[in-house]
There are 2 protein chains.
Amino acid sequence: MKCVKCNGNAVINIRRANAAFCKEHFNEYFTEQTLKSIKQFRMFRKTDKIMVCVSGGKDSLVLWHVLHNLGCDVTGMYIDLGINGYSDRSKEKVTAFADKFGLKTIIVDLREKGYPIPFVARRAKREDCAVCGTIKRYYFNRAAYDGGFDVVATGHNLDDEASRLLANIMHWNDEYMDNTYPVLPAGGKMLKKKVKPLVRLTERETAAFAILNGIDYVMEECPMSKGATSLIFKEALSTIEDKMAGTEIFFYTKFLERVKDKDRSKTDSDEMKICQTCGMESFMDKCTFCRLVEKVK
Amino acid sequence: MKCVKCNGNAVINIRRANAAFCKEHFNEYFTEQTLKSIKQFRMFRKTDKIMVCVSGGKDSLVLWHVLHNLGCDVTGMYIDLGINGYSDRSKEKVTAFADKFGLKTIIVDLREKGYPIPFVARRAKREDCAVCGTIKRYYFNRAAYDGGFDVVATGHNLDDEASRLLANIMHWNDEYMDNTYPVLPAGGKMLKKKVKPLVRLTERETAAFAILNGIDYVMEECPMSKGATSLIFKEALSTIEDKMAGTEIFFYTKFLERVKDKDRSKTDSDEMKICQTCGMESFMDKCTFCRLVEKVK
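Only a predicted model underlies this, so the values are computations on that prediction, with no experimental measurement involved.

Caption draft 1: Local environment of the overall build of chain A. Broken down by element type, chain A carries 12 helices and 10 strands. For 297 residues, the compact-globule formula gives about 19 Å, and the C-alpha radius of gyration of chain A, at 19 Å, lands near that figure. On the principal axes, the C-alpha backbone points of chain A span a range of 60 × 40 × 40 Å. Counted over contacts in chain A with a minimum sequence separation of 6, partners at least 24 positions apart contribute 69%. Summed over all atoms, the accessible surface of chain A reaches about 14100 Å², with 48% contributed by carbon and sulfur.

Caption draft 2: Structural context of the environment of R264 of chain B. Residue and element names in this part refer to chain B. With respect to the secondary-structure elements, R264 resides in the loop between helix 11 (247-259) and strand 9 (273-274). Look at R264 and you get buried, because its relative accessible area is 10%. Counting along the chain gives 81 residues from R264 to V183, while the straight-line C-alpha distance between them is 8.9 Å. Residue contacts for R264: discarding those within four places in its chain leaves D178, N179, Y181, V183, L184, P185 and V259.

Caption draft 3: Structural context of the sheet that holds strand 8 (residues 193-195) of chain B. Residues and elements named next belong to chain B. With mixed pairing, the 6 strands of this open sheet are ordered in space as 5-4-3-6-8-7. A single partner strand is all that each edge strand has here, and the edge strands are strand 5 (104-109) and strand 7 (183-184). Where strand 3 (residues 49-54) lies against strand 6 (residues 151-153), 3 bridges are found, and the strand directions are parallel. Looking at the pairing, V52 lines up with A153 of strand 6.

Caption draft 4: Structural detail: the relation of the copies chain B and chain A. Each copy of the sequence occupies a distinct position, and chain B is placed on chain A by a rotation of 180° and an axial shift of 0.0 Å, giving an RMSD of 0.0 Å. The symmetry that links the two subunits is that of a two-fold axis. When C-alpha positions in chain B are compared against the rotation axis, the closest is assigned to A236 of chain B, at 2.2 Å. Counting the interface residues of chain B, we find that 100% of their copies in chain A are interface residues as well, pointing to one common contact surface.

Caption draft 5: Broad picture of the UniProt feature "binding site: Zn(2+) 2" (unreviewed entry) in chain A. Residues and elements named next belong to chain A. Per the UniProt record, the feature "binding site: Zn(2+) 2" (unreviewed entry) sits at C275, C278, C287 and C290. Across 16 residues in sequence, these annotated residues keep their C-alpha atoms within 8.2 Å of one another, forming a single compact spot. If you trace the backbone, C278 turns up in the loop between strand 9 (273-274) and strand 10 (281-282). Residue C278 is classed as buried on the basis of its relative accessible area, which comes to 17%. Apart from the residues within four sequence positions on either side, C278 is in contact with Y138, R142, C287 and C290.

Caption draft 6: Looking closely at the nonpolar core. By size, the foremost hydrophobic cluster in this structure holds 130 residues, and its most contacted members are W64 and L67 of chain A together with W64 and L67 of chain B. Once residues within four sequence positions are removed from consideration, L67 of chain A is found in contact with I38, F44, I50, V52, C72, V74 and A153 of chain A.

Caption draft 7: Broad picture of the interface of chain B and chain A. Taken together, the contact between chain B and chain A spans 22 residues of the former and 22 residues of the latter. Counting each side, the surface lost to burial between chain B and chain A is near 2300 Å², with a carbon and sulfur contribution of 76%. Taken together, the connections running from chain B to chain A amount to 4 salt bridges. Where D174 of chain A meets R258 of chain B, a salt bridge forms, and the shortest distance between an N and an O atom there is 2.8 Å. Linking chain B with chain A are 6 residue pairs in polar contact (both at pLDDT 80 or more), by the criterion used here. Those elements giving two or more residues to the side of chain B that touches chain A turn out to be helix 7 (158-170), helix 10 (229-243) and helix 11 of chain B. Sorting elements by how many residues they give to the side of chain B that touches chain A places helix 10 of chain B first, with 9 residues.

Caption draft 8: Quick look at the side chain of T180 of chain A. Residues and elements named next belong to chain A. Within the fold, T180 resides in the loop between helix 8 (174-178) and strand 7 (183-184). On the accessibility criterion, T180 (0% relative accessible area) is buried. Among the polar contacts made by the side chain of T180, one reaches the main-chain carbonyl oxygen of Y176 at a distance of 3.2 Å. In this view, T180 contacts E161, R164, L165, N168, Y252, F255 and L256; residues no more than four positions away in its chain are not counted.

Caption draft 9: Local environment of helix 1 (residues 23-40) of chain B. All names here are of chain B. The first and last C-alpha atoms of helix 1 sit 26 Å apart over 18 residues, in line with the 26 Å expected at 1.5 Å per residue. Buried within helix 1 we find H25, F26, N27, Y29, F30, Q33, T34, S37 and I38. Backbone geometry just after helix 1 places R42 at a positive phi near 45°.

Caption draft 10: Inspection of the pairing of strand 5 (residues 104-109) of chain A at higher detail. Residue and element names in this part refer to chain A. Examined bridge by bridge, strand 4 (residues 73-80) and strand 5 share 6 bridges and lie parallel to one another. Within strand 5, the residue paired with G76 across the bridge is T105. This β-α-β element, strand 4 to helix 3 (residues 86-101) to strand 5, shows right-handed connectivity.

Caption draft 11: Representation of the sheet that holds strand 8 (residues 193-195) of chain A in the model. Residue and element names in this part refer to chain A. Within the open sheet, the 6 strands sit side by side as 5-4-3-6-8-7. Their pairing is mixed. Each edge of the sheet is formed by a strand with only one pairing partner; in this case those strands are strand 5 and strand 7. Relative to strand 8, strand 6 (residues 151-153) runs parallel, the two being bridged by 3 bridges. Its bridge partner being in strand 8, V152 is matched across the sheet by K194. Sitting on the sheet, helix 2 (residues 58-69) touches strand 3 (49-54), strand 4, strand 5 and strand 6, and the angle it makes with strand 3 is about 160°.

Caption draft 12: View of the packing of helix 2 (residues 58-69) of chain B against helix 3 (residues 86-101) of chain B. Residue and element names in this part refer to chain B. In contact at an axis separation of 11 Å, helix 2 and helix 3 are set at 15° when each is read in the N-to-C sense. It follows that helix 2 is roughly parallel to helix 3 by the angle criterion. Pair helix 2 / helix 3 crosses with right-handed handedness. On helix 3, the residues that touch L61, W64, H65 and H68 of helix 2 are V94, F97, A98 and F101. Taken together, the residues that form the contact of helix 2 with helix 3 break down as 6 nonpolar, 2 polar and no charged.

The rules behind the values
Residues numbered from 1 in each chain as written. Chains lettered and ligands numbered in written order. Predicted model: local features only at pLDDT ≥ 70, side-chain atom pairs only at ≥ 80, totals over all residues. Heavy atoms only, no water. Helix = DSSP H or I, 4+ residues; strand = E, 2+ residues; numbered from the N terminus. Rg over C-alpha atoms; globule rule 2.2 N^0.38 Å. Contact = heavy atoms within 4.5 Å. Areas by Shrake-Rupley, 256 points an atom, 1.4 Å probe, with all protein chains shown as cover. Buried < 20%, exposed > 50% of the residue type's maximum accessible area, 1.4 Å probe, protein only. Pairing = 2+ DSSP bridges. Least-squares fit on C-alpha atoms with pLDDT ≥ 70 in both. UniProt positions renumbered as here; feature names shortened; annotations may be inferred. Core = buried A, V, L, I, M, F, W, Y, C linked by side-chain atoms within 4.5 Å. Buried area = accessible area lost by both parts, 1.4 Å probe. Salt bridge = Lys/Arg side-chain N within 4 Å of Asp/Glu carboxyl O. Polar contact = N/O pair within 3.5 Å; in protein donor to acceptor, adjacent residues only side chain to side chain. Expected span 1.5 Å × (residues − 1). Right-handed = clockwise from strand over helix to strand, strands pointing away. Axes fitted to C-alpha atoms, helices over the stretch in contact; angles between N-to-C directions. Parallel < 35°, antiparallel > 145°, perpendicular 65-115°, else oblique. Left-handed = near helix turned anticlockwise from the far one by under 90°. Nonpolar A, V, L, I, M, F, W, Y, C, P; charged D, E, K, R; others polar.

Quick look at the structure:
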């Protein structure tokens, strides 16, 4: 297998692109695909202050790495979820990575705050993943606002987005479908714009990028996500992509084209209230996060 | 495993219905589901003259059997496609089945007509399945018109319809999506209404019905359909359904609800021409079938 660019030995074959690459040209391809999404969806400008949400997994560390290499002003934001073992190991990967490349980091520790996910879920009698979503969203929004960032970037890849789209279509969740987009606009005065620069790259490619570039990431999945429905739709998609390379990206990008003119701004600044407990913007007098953690006290 | 109706020994478990049945009550369930579709989509009336397209496979023979048992005036229409071995074996199953239950049958033999599928495909330099579709459609339409039938029924099941819908969505084939419906209206003056009474039942259930009721069908797939993309989407759907029973029928029936008010009548009688070669209605001066077989001569 030869690299299509330099005819050197290829390290990876990208079937949907009908191309194999050596390490150097795979890195180039990977960066180009990221830049293509950034430009196409006008994610941010060169001078913007970017916060990357990092979990210690391959996608978020790779995104952080790529944006840093592109010369962006980027800070990693990590939330220690308080999941014994898993959180410790993923925090280690994040701090080791930041040290190795000399990157700016913000860390929030939910154990210190008194809100480790398993504890909150148990006390609030709600599903772990739902609780985790609410709490992470809160601290990410909070940190982005407090830190004066222009934009919040996440490591969602093509498989994440296409499988979520497939799940939403098969359940005909129109509202969620409309919100499947690589850019979600800022809301109110405090909620920052959110972007997903890796949407043209698959999980396999982010993993290859990490391995080839010495990015040491936590390989285990979150132990609380076992049996998550997203994994089922990923498996189904991969069955199709395996046999008909290119179907997944066509499905996803064609969808984006169809919905590109939809208005995704959920809110007008005028509609937003201020949470009386925490001071963040909210649709109600008390925000979802504050209502959740109140149950725990 | 006990039958949910009579507490006798169950022979089949239908996970999406959260129910197991003995033979008697499975037959009842199967017939009820068929009747439900017939009524919901106003497929035909008790007095209508029905032509069932039969291939010798489980779905079409089971449909023929169920409609006959319901007291419908039903005739099986079989086309010998001229595929060596496969066609011989499937014709045998059809004639044995018709003899066993004393059913009316129409048989068209493409070898006699001079148009066996592999020959036409080779000569016309077109794909086997495309050629087969054109030729079958022609003879089914022709037989339904010549025989004065009110409606043409096919054995398409839930897996067929849901996987086709999935494929059309993933390729964003809007036009085909709009035509995914269990009833397609009559067109022009000669093309009969088409209905799919088995759309609420899966392949596994039609197979079980056939086996339990002594319906001997041809088990092999058509040798020319190997690698058909429909099989890939079926596999993906089954991955999802296996782990989330009920997703497939929700996906399909919710879609039907969403598109139920679409106009599916492709044609006004006034728009149709008469094919100058064969005399059947057509959009052009010469119909697709006549244009195809002309290449072969």
